[in-house]
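Next come the chains, spelled out residue by residue.
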Amino acid sequence: MNDPLIIDGLHKRYGDLIALQDMTFQVAPGELFGFVGSNGAGKSTTMRIILGVLAADAGRVTLGDRPIDLRTRREIGYMPEERGLYPKMKVGDQLVFLAKLHGLSTSAAEDSMRHWTARLGIDQRVGDDVADLSLGNQQRVQLAAALIHDPRVLVLDEPFSGLDPVAVDVMSDVLKEKAAEGIPVIFSSHQLDLVQRLCDRVGIVSRGQMRALGRVDDLRARDGVTLEVAGPDVTTRWADGLPGVLGADYDIERRTAALRIDPDQVDDQTILATALRAGPVHRFARSTPSLTELFREVVA
Ligand SMILES: Nc1ncnc2c1ncn2[C@@H]1O[C@H](COP(=O)(O)OP(=O)(O)OP(=O)(O)O)[C@@H](O)[C@H]1O
């Protein structure tokens, strides 16, 4: 059984700037955790502290009850935001070198290099210098570098940025596969539709603090349900003041009302009955907010 990654009460200042304030969360073994936030929110700072390449002013990071030291750090596969490959070294040589740094024998390192370059679709490029690869292919090499030593934890800073749709699919499959093997996987991303699709849980960070944390579906449901009702004359503002309606936006041109309801206080059939009394209903649709909508609300 692998250990959970535990981030506990991290504080970090850069001079006067408070980059992290009581950053606390856990990533369980087998969990794919999405770390999202605006530019400058503190995601990379948190990830660097997890790896021990940056020291926190307070707080700690552990794998289970083990602190992150040189030995535990070798168990982590890390993709830094500032990609750290040697441009003038061949892809294959570089991956074998990194694997050996993590303690693999030469033959195990070569096997692992072949496995991951094939899996990530860069096996034709192992003899090329990294600098001669496109940015997306360099990113695939960077992921291979994070995976080459069969890590027990994965920490990836924006692994999806700049990838084409095929590479996004490959990256998604690999992350799901690693989580399914039972290791904690955390990645940051600004592609919230992807995070919504892939992740078990997410953390939304703003100005160095965790603002929302939980299962994607729970967070979306927490913010209520939206009903779109098209048809009845919206100039009468027919849904105003109904019990359980938290807010109503009326679009006169489209004769549509978008209602935010609290499903514990009112059910959608009651709203439909009220709408029908106001006029014929042509469309009635129920939705929960997307992660993008939730994000906008949380960081606003
Ligand atoms: N070495 C540094 N010196 C001073 N300030 C820094 C340093 N590194 C980061 N910061 C500041 O700390 C804050 C958090 O930055 P961080 O890179 O962790 O954010 P992020 O969430 O990863 O952002 P992005 O999505 O843009 O990559 C920002 O205001 C940033 O300008």
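On a predicted model such as this, the values are computed, not experimentally measured, just so you know.

Chemist: Summarise the overall build of the protein chain; cite the residues concerned and give the values.
Modeler: A tally of regular secondary structure across the protein chain gives ten helices and 14 strands. Of all 300 residues assigned to the protein chain, the portion counted as buried reaches 36%. Pairs at least 24 residues apart make up 68% of the contacts formed inside the protein chain by residues separated by at least 6 positions.

Chemist: Please set out the UniProt feature "domain: ABC transporter" (unreviewed entry) in the protein chain residue by residue, giving values where relevant.
Modeler: The feature "domain: ABC transporter" (unreviewed entry), as annotated in UniProt, sits at residues 5–232 in this numbering. A helix fraction of 36% and a strand fraction of 29% characterise residues 5–232, whose end C-alpha atoms lie 52 Å from each other.

Chemist: Describe in detail the sheet that holds strand β5 (residues 66–67), supporting the description with residues and values.
Modeler: Strand order in the open sheet made by the four strands is β2-β1-β4-β5, with antiparallel pairing throughout. Each edge of the open sheet carries a strand with a single partner, namely β2 (17–27) and β5. Here five bridges tie strand β1 (residues 5–14) to strand β4 (residues 58–63), and the two strands are oriented antiparallel to one another. Paired with Ile-6 across the strands is Thr-62, a residue of β4. In this fold helix α1 (residues 43–51) packs onto β1, β2 and β4, with an angle of close to 120 degrees to the strand it touches most, β1.

Chemist: Describe helix α10 (residues 291–299), with residues and values.
Modeler: Where α10 is concerned, the buried positions are Leu-291, Leu-294 and Phe-295. For α10, the arc enclosing every buried residue in end-on projection is 100 degrees, short of the 170-degree limit, so these residues lie on one face. Tucked into the core, α10 has its buried residues touching β3 (32–37), α7 (192–198), β9 (201–206) and α8 (216–222).

Chemist: Tell me what's going on with the site of the ligand, and back it up with residues and numbers.
Modeler: The ligand sits among Tyr-14, Leu-17, Ala-19, Gly-37, Asn-39, Gly-40, Ala-41, Gly-42, Lys-43, Ser-44, Thr-45 and Glu-81. Looking at the shell around the ligand, the elements that each hand over two or more residues are β2 and α1. Per element, the largest residue contribution to the shell around the ligand is three residues, and it comes from α1. A class-by-class count of the residues in the shell around the ligand yields four nonpolar, six polar and two charged.

Chemist: Got a sec to walk through the pairing of strand β12 (residues 245–251)? Specific residues and values, please.
Modeler: Where β12 and strand β13 (residues 256–261) come together, six bridges link them in antiparallel fashion. Opposite Gly-247, over in β13, you have Arg-260 as the bridge partner. Linking β12 back to β13 in an antiparallel pair, the connection comprises four residues, with Arg-255 at a positive phi of about 45 degrees.

Chemist: Residue-level account of the pairing of strand β7 (residues 153–156), with values.
Modeler: Burial of β7 is two-sided: the residues Val-153 and Val-155 facing one way and the residues Leu-154 and Leu-156 facing the other way are all buried. Pairing geometry for strand β6 (residues 76–79) and β7, over four bridges, is parallel. Across the sheet, the residue bridging to Ile-76 is Val-153, located in β7. With three bridges joining them, β7 and strand β8 (residues 185–188) adopt parallel strand pairing.

Chemist: Tell me about the nonpolar core, and please be specific about residues and values.
Modeler: Of all hydrophobic cores here, the largest spans 67 residues; its most connected members are Leu-95, Ala-144, Ile-148, Val-155 and Val-185. It is helix α5 (residues 135–147) that provides the largest number of residues to this core, a total of six residues. Counting only domains with at least three residues in this core, you end up with domain 1 (5–220) and domain 2 (223–299). Setting aside residues no more than four positions away along its own chain, Ala-144 makes contact with Leu-95, Trp-116, Thr-117 and Leu-120. Counting residues in hydrophobic clusters, the runner-up holds ten residues, among them Val-234, Ala-239, Val-245 and Ala-257.

Chemist: If you had to explain the packing of helix α3 (residues 91–101) against helix α4 (residues 106–119) to someone new, which residues and values would you point to?
Modeler: At a closest axis distance of 9 Å, the pairing of α3 and α4 adopts a crossing angle of 130 degrees. On the basis of their axis angle, the class for α3 and α4 is oblique. Taken as a pair, α3 and α4 cross one another with a handedness that is right-handed. Residue-level inspection shows Gly-92, Leu-95, Val-96, Ala-99 and Lys-100 of α3 in contact with α4, the latter providing Thr-106, Ala-109, Glu-110, Ser-112 and Met-113. A class-by-class count of the residues in the contact of α3 with α4 yields five nonpolar, three polar and two charged.

Chemist: Please give an account of the environment of Leu-10 that cites residues and values.
Modeler: Note on placement: Leu-10 falls in strand β1. We classify Leu-10 as buried; it has 24 C-beta atoms within 10 Å. Distance in space between the C-alpha atoms of Leu-10 and Val-61 is 8.2 Å, their sequence separation being 51 residues.

Chemist: I'd like a description of the confidence of the model for the protein chain, backed by residues and values.
Modeler: Low pLDDT marks stretches whose predicted atomic positions should not be read closely. Mean pLDDT over the protein chain: 93, with 100% of residues reaching 70 or higher. Taking the mean pLDDT of every element in the protein chain, the minimum, 83, falls on α8 and the maximum, 97, on β8. For this predicted complex, the interface confidence score (ipTM) comes to 0.96, while the overall pTM stands at 0.86.

Cut-off values and rules
What you see as residue numbers is a count from 1 along each chain, following the sequence as written. Residues qualify for local features only when their pLDDT is at least 70, as the model is predicted, and side-chain atom pairs are given and counted only at 80 or more; totals for whole chains, interfaces and linings, by contrast, use all residues. Every helix listed is a DSSP run of H or I at least four residues long, and every strand listed is a run of E at least two residues long, numbered separately from the N terminus. Partly exposed residues are those whose C-beta has more than 12 but fewer than 20 other C-beta atoms within 10 Å; 20 or more makes a residue buried and 12 or fewer makes it exposed, with C-beta atoms placed from the backbone. By the convention adopted here, residues are in contact when the distance between their C-beta atoms, placed from the backbone, does not exceed 7 Å. UniProt positions are given in the numbering used here, feature names are shortened, and annotations may be inferred rather than shown by experiment. Any two strands are treated as partners once DSSP identifies two or more bridges connecting them. Axis definition: a line fitted to C-alpha atoms, limited for helices to the stretch in contact. Angles are taken between N-to-C directions and run from 0 to 180 degrees. For this quantity, the arc is that covered by the directions from the helix axis to the C-beta atoms. Being near a molecule or strand means, for a residue, that its backbone-placed C-beta atom lies within 6 Å of it. Residues are sorted three ways: Asp, Glu, Lys and Arg are charged, Ala, Val, Leu, Ile, Met, Phe, Trp, Tyr, Cys and Pro are nonpolar, and all the rest, Gly among them, are polar. Here a nonpolar core is just a set of buried residues of the types Ala, Val, Leu, Ile, Met, Phe, Trp, Tyr and Cys, joined wherever their C-beta atoms sit within 7 Å. For the domains described, the bounds stem from an automatic or database domain assignment. When an angle is under 35 degrees it counts as roughly parallel; over 145 it counts as roughly antiparallel; between 65 and 115 it counts as roughly perpendicular; any other value is oblique. Crossing chirality is assigned from the near helix's rotation relative to the far helix, an anticlockwise turn below a right angle marking it left-handed and a clockwise turn marking it right-handed. Each residue carries a pLDDT score, the predictor's own confidence in it, on a scale running from 0 to 100.

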